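Tertiary structure, described
Letter by letter, the chains look like this.
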Amino acid sequence: MRALAKAQPNIALIKYWGKRDIERNLPAVGSLSITLESLWTTMSVEFLPTLEQDRFSLNGTPCDALLSRVSRCLDRVAGDARDRAAVASECNFPIAAGLASSASAFAALALAASEAAGERLDAPSLARVAGSISGSAARSVFGGFVELSAGADDIEVRSLAAPEAWPLCVVVAVTALEPKPIASGDAMIRGAQSSPFYPRWIAQQTEDLKAARAAVASHDFARLAAVAEHNCLKMHSVMWTSRPPIVYWNSVTLACMQAVRALRANGHSVFFTIDAGPQVKAVCLPEHADTVAAALGDIDGVAQILISGLGPGARLLDGG
Ligand code: PMV
């Protein structure tokens, strides 16, 4: 049976950085994110007894770079004695450039694979499967505002609020399109081993999560802005102080950050966050999205502007 699923990337406002268990890909800290609406990935999965190896294509072209992670995800859902599978993905945004493409990819894949295998896993189980391949993918199983709690032995993911409960907007300024210089997983391990800031980063995460959770519950934009920017800059401080250092930003990244701060000083409700890449995500109230998009789009070196509201979690589509 063939199954088709769709999921959107999510943007962490309180970041996941660091692994408690590398083998099982368990995060060292909890995180809090928003799931986007207009950026998406679909995954179609068909298990076929006639296939000798898994096959994976991305936007119509065979893609071996991701194949081993795709196979691992299928094994987690259907066991390694499963039939091999033909997997085809479509994605409407640049991959591997710090735009959370692995989050939407593995959330959609876990769901499509579980349907195709006749397993019908529930959302918490899908989140565990997706998260075992890409930590952030666990959060894309859910929509709107999502919190991932990092237990000693497992993760727990839950929805804090539906997308329509507080319809924030995200303006993404794409400042470079090439793949990132080091994968986030390797960068996290390096940070844990070598950054003097890493223990402080871990120690303060509970406090940041609490502040962000309260800000979401009370729709307190200023409070969310303050804790999200602080948390993002702390994560990047761990990266910068890793040995060798990891700097994902370029000069356009910094120009965008300054533009966001200038907009905020002028009364616009907007803050930035940046992941393992040079792209700047400006989170704002919907009434400020056009102004934010125009200001970031005017910056020399911004290659593309993407705008999205908040959207639902991973779901099955007809036509698998
Ligand atoms: O899911 P991964 O392994 O690609 O790691 C994601 C890490 C960040 O995007 C930088 C932060 C986050 O919480 O999404």
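Here the structure is shown first, and the text comes after it.
Everything numeric in this text was worked out from a predicted model, so none of it was measured. (Residues numbered from 1 in each chain as written. Predicted model: local features only at pLDDT ≥ 70, side-chain atom pairs only at ≥ 80, totals over all residues. Heavy atoms only, no water.)

**Quick look at the pairing of strand S5 (residues 31-35)**
Across the 5 residues of S5, 5 count as buried, placing the element largely inside the fold. Burial of S5 is two-sided: the residues Ser-31, Ser-33 and Thr-35 facing one way and the residues Leu-32 and Ile-34 facing the other way are all buried. The pairing of strand S2 (residues 10-14) with S5 spans 4 bridges and is classified as antiparallel. Bridging across to S5, Ala-12 finds its partner in Ser-33. (Buried < 20%, exposed > 50% of the residue type's maximum accessible area, 1.4 Å probe, protein only. Helix = DSSP H or I, 4+ residues; strand = E, 2+ residues; numbered from the N terminus. Pairing = 2+ DSSP bridges.)

**Examining the site of the ligand**
In the region of the ligand, 14 residues are neighbours, and Tyr-16, Ser-134, Ser-136, Arg-139 and Ser-184 sit closest. Here an oxygen atom of the ligand and a side-chain polar atom of Ser-134 are 3.0 Å apart. A distance of 3.4 Å is found between an oxygen atom of the ligand and a backbone nitrogen or oxygen belonging to Gly-135. Taking 380 Å² as the accessible area of the ligand by itself, protein coverage stands at 91%. Partitioned by chemical class, the residues of the shell around the ligand number 6 nonpolar, 5 polar and 3 charged. (Near = heavy atom within 4 Å. Polar contact = N/O pair within 3.5 Å; in protein donor to acceptor, adjacent residues only side chain to side chain. Areas by Shrake-Rupley, 256 points an atom, 1.4 Å probe, with all protein chains shown as cover. Nonpolar A, V, L, I, M, F, W, Y, C, P; charged D, E, K, R; others polar.)

**Here's the deal with the side chain of Ser-134**
Considering the arrangement of structural elements, one finds Ser-134 in the loop between helix H3 (123-133) and strand S10 (145-150). Owing to a relative accessible area of 6%, Ser-134 belongs among the buried residues under this scheme. Not counting residues within four places of it along the chain, the set of residues in contact with Ser-134 comprises Asn-25, Arg-69, Ser-102, Ala-103 and Phe-106. (Contact = heavy atoms within 4.5 Å.)

**Points about the sheet that holds strand S15 (residues 304-308)**
Spatially, the 4 strands line up as an open sheet ordered S13-S14-S12-S15, and their pairing is antiparallel. The open sheet has two free edges, formed respectively by strand S13 (270-273) and S15, since each of these has just one partner strand. The sheet shows a mean angle of 20° between the axes of neighbouring strands, taken without regard to direction. Pairing of S13 with strand S14 (residues 280-284) involves 4 bridges; the strand directions are antiparallel. (Axes fitted to C-alpha atoms, helices over the stretch in contact; angles between N-to-C directions.)

**Quick look at the layout of surface pockets**
Put simply, the second largest pocket is a space of about 160 Å³. Lining the second largest pocket are Arg-24, Asn-25, Leu-26, Pro-27, Arg-76, Arg-128, Gly-131, Ser-132, Gly-135, Leu-148, Asp-154 and Ile-155. At 3 residues, the largest contribution of residues to the lining of the second largest pocket is made by H3. (1 Å grid on protein atoms, 1.4 Å probe; cavity = no way out; pocket = protein on both sides within 12 Å on 5 of 7 lines; lining within 4 Å. Points joined across faces, edges and corners; volume = space filled by probe spheres on them.)

**Considering the nonpolar core**
Among the nonpolar cores identified, the biggest contains 72 residues, and Val-45, Leu-74, Val-87, Leu-109, Leu-168 and Leu-224 are the most heavily contacted of them. The biggest single contributor to this core is helix H2 (residues 101-116), with 10 residues. Not counting chain neighbours up to four residues away, the residues in contact with Leu-109 comprise Met-43, Val-45, Val-70, Cys-73, Leu-74 and Val-87. (Core = buried A, V, L, I, M, F, W, Y, C linked by side-chain atoms within 4.5 Å.)

**Re the pattern of salt bridges**
Scanning all chains against the criterion turns up 13 salt bridges. Between Arg-82 and Asp-75 there is a salt bridge, with the nearest N and O atoms lying 2.8 Å from each other. On the basis of relative accessibility, which here comes to 26%, the residue Asp-75 falls in the partly exposed class. A salt bridge links Asp-208 to Lys-234; the shortest N-O distance between them is 2.8 Å. Placement of the pair is Asp-208 in helix H5 (residues 198-218) and Lys-234 in helix H6 (residues 221-240), with a sequence separation of 26 residues. Judged by its relative accessible area of 5%, Asp-208 falls in the buried class. Its relative accessible area of 14% is what places Lys-234 among the buried residues. (Salt bridge = Lys/Arg side-chain N within 4 Å of Asp/Glu carboxyl O.)

Purely geometric stuff here, so don't read any function into it on its own.
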